[in-house]
Amino acid sequence: MSTSSVSKGCFVFKPSAKKKKTLSLEDHFSHGCEAADNSDLRFKLCQDLWDKIKTNTEVLQDELNRNILDSLLNFTRKCSSTRLHSDWASQMRASEIPTAALVLGVNVPDHDMTFQSLSELLQQSVTPHVASVQAKECGALKHLMKRVLERLMDTVVSVDDEEEEEAELTSAQLHKSVHCSLSTLCDWYNTKTKKSGTPGKKRSSSDGDDLPQPPVVIIFKDLEAFNPRVLQDFILICSRYIERLPLMFIFGIATSPSTIQHMLPHSVSSLLCIELFQSLSCTQHLATVIDKLILTSQFPFKLNGKVMQVLISIFLYHDFSVRNFIKGIQLALLEHFHSQPLSVLCCKKKEAQLNVMQLSHLDLERIRHLLSFKRYAEKQEAQEQVNLFTDDAHLKEVCQRLIKDLHKYHKCYYPVLRCLHTLTSSLPRYPLGKQIRELHLICLEKNVWENEDYQSAMKLVKMLAKDELIALLQKCVEILQAAKAKKMKSALVQLEDMLAKFKQLDITAEPPPSVEESLTSPVKHLQKKTDLFQLQKTLLEMNETRRSKKLSPFEALRNEALEFIDSLVKSHLSPPESQTLYEVCYYTSSATVRRHLNATPRTSIQAALNSPYYYLQNESLKTEDGTVSNAAPDICIAYKLHLECGRLINLYDWLEAYATVVSAAEGNNPDSDNYGKVDEVKHARFIRAVSELEFLGFIKSTKQKTDHVARLTWGGC
């Protein structure tokens with residue numbers, strides 16, 4: 001009755017007070033989660049673990065970038081102090097702009113983090129006037145000027161119509177309008193410096209270490225992507241204001257410093273006083289990240305060999321981005337806690353042992369179905385097997401012990417891995433890999449001591465000189481000193497004893513052979529003239545003597561040390577799959593990581609064009625034999641028809657076939673005159689579908705025949 005009225009009218013109903021509930025991160029995690037009964041605890045563990053990994057990563061990246069950032073800060077301070085003194089003109093010409101060419105490498109996704117840290121450090125310790133620009137927002141000179149002024153002055157800079165028209169002209173014609181814009185910046189800068197320098201006012205620490213004229217720093221994040229003409233004009237204009245405005249440039253270069261010479265002619269590059277800065281290579285950065293985040297027992301979450309190989313392959317063959325590598329670890333972490341109900345045990349040892357006692361009967365059944373637990377149970381006695389599969393309380397006690405053993409395994413695994421890498425990383429041809437990640441992947445796959453390369457490496461280690469071997473063993477001692485496992489402490493004592501014996505050999509020199517021994521040598525019995533039988537007999541005696549020769553003290557001690565290292569390897573470097581309950585800590589779904597991180601857009605697009613029903617969920621598009629329905633979108637019809645053609649496609653024939661299919665979809669009578677006729681609407685729809693296929697890269701225009709297009713792909717999916 002609320003809408004009943006005698007006259008016509010419009011009735012407005014206010015929305016109810018209840019607002020649509022927004023899902024939290026925990027709700028998103030629990031939705032579709034395997035075994036949602038303990039999803040809250042798993043979400044908390046996942047979030048806490050990622051927060052620790054993220055914090056450690058940020059600290060690590062700051063340490064890696066500290067040298068290059070400190071060098072840049074010193075460069076800006078030096079240029080600022082030089083400008084204030086009389087030696088400014090002697091060190092650089094008045095029109096030269098101090099420029100830092102920062103070579104960061106091709107890992108472009110990591111550059112944003114570096115520039116963000118650089119901007120923050122500059123604003124904290126050198127100057128508050130810092131502006132960062134990117135090529136995608138500076139297509140023309142007016143856009144570049146606008147972005148620089150807005151970010152320096154922290155205000156909105158408008159460009160009127162007259163300035164917009166002049167901005168498209170050459171630098172000489174643009175001089176008047178741009179001169180006014182930079183004059184505005186100069187006036188603003190003079191006002192700011194006078195305010196900060198007034199007596200009685202205390203300068204903040206961010207005002208450039210009490211510099212009366214802090215520099216104005218402009219950061220070009222991606223120099224290669226800038227329009228060379230825009231960059232040249234901007235530099236020419238800025239050089240005319242260098243006496244009034246202490247400008248300073250920082251060029252972010254991904255490829256090579258020669259990019260500056262290729263983009264800027266000599267007349268422009270001569271206006272820059274360039275100093276080169278080289279950042280740490282991305283491969284060294286990755287090695288440090290793997291060493292601190294993965295090859296450590298600090299974090300209970302682990303990756304198996306296949307997942308590690310996927311992440312490293314994406315890094316080496318796609319983007320060289322350490323940031324994306326860490327995102328891959330985050331994805332694996334989230335997937336592990338989301339899909340593995342037993343991930344409640346993926347935490348610190350004491351916390352995991354407490355969580356074992358809180359496991360439900362269903363969780364204990366999941367443990368009983370683990371492959372590693374089945375292998376463990378098969379090795380037990382008959383009565384123990386019955387208790388493990390029937391008594392929940394007994395199983396919890398056993399799981400506590402197994403979790404403790406798993407943590408001990410990790411505490412011993414990584415020190416021994418580092419020792420083996422120390423001994424083999426400098427060998428010729430690197431039989432076990434040059435990087436520790438390569439050795440880690442070998443150990444994750446199978447028993448490393450069964451590898452032929454391991455045997456070759458041990459033989460090469462035996463050929464090392466005494467000084468080299470002692471130096472490597474000393475590094476192994478330092479590695480074991482940092483280990484926390486009790487077994488490593490006992491191994492440390494034995495290795496230190498061997499090292500002391502090696503050093504003792506230098507004091508007690510080996511005595512020379514006696515005269516009697518030298519006279520009884522078979523070599524002395526060689527006659528000047530002898531027959532073949534006598535020569536063969538003498539050589540056999542020499543060979544037997546060499547075999548029965550007593551080992552020198554160094555050789556005996558060397559063999560003892562290598563046998564000790566070999567025993568450590570066989571005791572502690574077995575693959576994780578050999579450990580019971582390894583599934584609670586190791587993420588193994590490499591296919592999921594590859595599908596999310598290494599996308600195949602062409603395959604997805606072709607699947608959508610071949611089967612539009614699975615994407616649109618329209619019953620009229622459903623077909624049984626996999627063919628495309630007549631009622632499918634125009635691009636799907638055009639795509640299906642183009643699969644029936646060869647390398648060159650006649651556009652007119654393609655259009656006629658398309659019109660016939662569309663007419664059938666509209667329900668026209670096949671015997672009518674208008675059936676399959678091309679009208680303006682069908683023609684326009686066909687042109688749009690062909691344009692979309694060309695945009696997606698399936699066809700292209702060709703000069704061989706004007707009324708044909710060339711097909712670029714083969715296969716339906």
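Everything discussed here concerns the structure shown above.
All of these numbers come straight from a predicted model, not from anything done at the bench.

Asks: Please give an account of the overall build of the protein that cites residues and values.
Replies: Broken down by element type, the protein carries 31 helices and ten strands. When burial is assessed residue by residue, the protein has 44% of its 717 residues classed as buried. Considering only intrachain contacts with a sequence separation of at least 6, the fraction spanning at least 24 residues in the protein is 72%. A total of about 40,300 Å² of accessible surface is found on the protein, and carbon and sulfur atoms cover 53% of it.

Asks: Can you break down helix H13 (residues 322–339) residue by residue, with the values?
Replies: Spanning 18 residues, H13 covers 26 Å between terminal C-alpha atoms, matching the ideal 26 Å at 1.5 Å per step. For H13, the set of buried residues is Val322, Phe325, Ile326, Gly328, Ile329, Leu331, Ala332, Leu333, His336 and Phe337. Its side-chain oxygen 3.4 Å from the backbone nitrogen of Arg323, Ser321 forms the N-cap of H13.

Asks: Go over the sheet that holds strand S5 (residues 272–278) with me, naming the residues and quoting the values.
Replies: In space, the five strands of this open sheet follow the order S2-S3-S4-S1-S5, with parallel pairing throughout. The open sheet has two edge strands, strand S2 (130–133) and S5, and neither has a second partner. Each strand axis lies, on average, 20 degrees off the axis of its neighbour in the sheet, ignoring direction. In this structure, strand S3 (residues 216–220) lies alongside strand S4 (residues 247–253), joined through five bridges in parallel fashion. Pairing of Ile219 across the sheet is with Ile250, part of S4. Contacting strand S1 (97–103), S2, S3 and S4, helix H4 (residues 111–125) runs over the sheet at an angle of about 180 degrees to S3. With respect to the sheet, helix H5 (residues 141–153) is in contact with S2 and S3, its orientation differing from that of S2 by roughly 145 degrees.

Asks: I'd like a rundown of the pairing of strand S10 (residues 708–711), residues and numbers included.
Replies: As defined by bridge partners, strand S8 (residues 648–650) adjoins S10 across three bridges and the pair is classed as antiparallel. Opposite Ile649, over in S10, you have Val709 as the bridge partner. Bridging between strand S9 (residues 699–701) and S10 involves three bridges; their strand directions are antiparallel. From the neighbouring strand, Ser701 faces S10, where its bridge partner is Val709. Connecting the antiparallel pair S9 and S10 is a turn made up of six residues.

Asks: Lay out unusual backbone geometry in plain terms, naming residues and giving numbers.
Replies: Here the phi dihedral of Phe320 falls at roughly 55 degrees; this positive angle occurs in a residue that is not glycine. Within the fold, Phe320 resides in the loop between helix H12 (305–319) and H13. Residue Phe320 is classed as partly exposed on the basis of its relative accessible area, which comes to 26%. Despite not being glycine, Gln617 has its phi angle at roughly 55 degrees, a positive value. Note on placement: Gln617 falls in the loop between helix H28 (613–616) and helix H29 (634–642).

Asks: Residue-level account of the sheet that holds S10, with values.
Replies: The strand order across the open sheet built from three strands is S8-S10-S9, with neighbouring strands paired in antiparallel fashion. What marks the edges here is a single partner per strand, and that holds for S8 and S9. Taken over all neighbouring pairs, the strand axes of this sheet differ in orientation by 40 degrees on average, direction set aside.

Asks: Got a sec to walk through the nonpolar core? Specific residues and values, please.
Replies: Among the nonpolar cores identified, the biggest contains 113 residues, and Ile294, Leu303, Phe373, Val448, Phe502, Val569 and Leu573 are the most heavily contacted of them. For this core, the element with the highest residue contribution is helix H18 (residues 392–424), accounting for 15 residues. Phe502 has contacts with Leu469, Ile470, Leu473, Phe554, Leu557, Arg558 and Ala561, leaving out every residue within four places of it along the chain. Listed in part, the 42 residues of the second largest apolar core include Cys138, Met145, Leu149 and Val230.

Asks: Explain the pairing of S1 to me, and be specific about the residues and the numbers.
Replies: Counting buried positions along S1 yields seven of seven residues, so the element is predominantly enclosed. Neither face of S1 is left uncovered, since the one carrying Ile97, Thr99, Ala101 and Val103 and the one carrying Pro98, Ala100 and Leu102 both have all their residues buried. Sheet topology places S1 next to S5; seven bridges connect them, and they run parallel. If you follow Leu102 over to S5, its bridge partner there is Phe277.

Asks: I'd like a description of the environment of Leu286, backed by residues and values.
Replies: Within the fold, Leu286 resides in helix H11 (residues 282–294). By relative accessible area, Leu286 is classed as buried at 0%. Ignoring sequence-local partners within four residues, the contact set of Leu286 consists of Phe315, Val322, Phe325 and Arg437.

Asks: Tell me what's going on with the pattern of salt bridges, and back it up with residues and numbers.
Replies: Any two side chains of opposite charge can pair, on the condition that their charged atoms come close. One pass over the structure, following the stated rule, counts twelve salt bridges. Across the salt bridge formed by Lys44 and Asp48, the nearest N and O atoms sit 3.1 Å from each other. Pair noted here: Lys44 and Asp48 are both in helix H2 (residues 39–84), with a separation of four residues, about one helical turn. Its salt-bridge partner being Lys146, residue Glu150 comes within 3.0 Å of it at the nearest N-O pair. Residue Glu150 and its partner Lys146 are located together in helix H5, separated by four residues, close to a single helical turn.

Asks: Quick rundown of the side chain of His572? Include the residues and the values.
Replies: By the secondary structure assignment, His572 is in helix H25 (residues 553–572). For His572, a relative accessible area of 12% gives the class buried. Other than its neighbours up to four places away in sequence, His572 contacts Tyr409, Cys412, Tyr413, Val416, Lys487 and Met488.

What counts as what
- Residues numbered from 1 in each chain as written.
- Predicted model: local features only at pLDDT ≥ 70, side-chain atom pairs only at ≥ 80, totals over all residues.
- Heavy atoms only, no water.
- Helix = DSSP H or I, 4+ residues; strand = E, 2+ residues; numbered from the N terminus.
- Buried < 20%, exposed > 50% of the residue type's maximum accessible area, 1.4 Å probe, protein only.
- Contact = heavy atoms within 4.5 Å.
- Areas by Shrake-Rupley, 256 points an atom, 1.4 Å probe, with all protein chains shown as cover.
- Expected span 1.5 Å × (residues − 1).
- Polar contact = N/O pair within 3.5 Å; in protein donor to acceptor, adjacent residues only side chain to side chain.
- Pairing = 2+ DSSP bridges.
- Axes fitted to C-alpha atoms, helices over the stretch in contact; angles between N-to-C directions.
- Core = buried A, V, L, I, M, F, W, Y, C linked by side-chain atoms within 4.5 Å.
- Salt bridge = Lys/Arg side-chain N within 4 Å of Asp/Glu carboxyl O.

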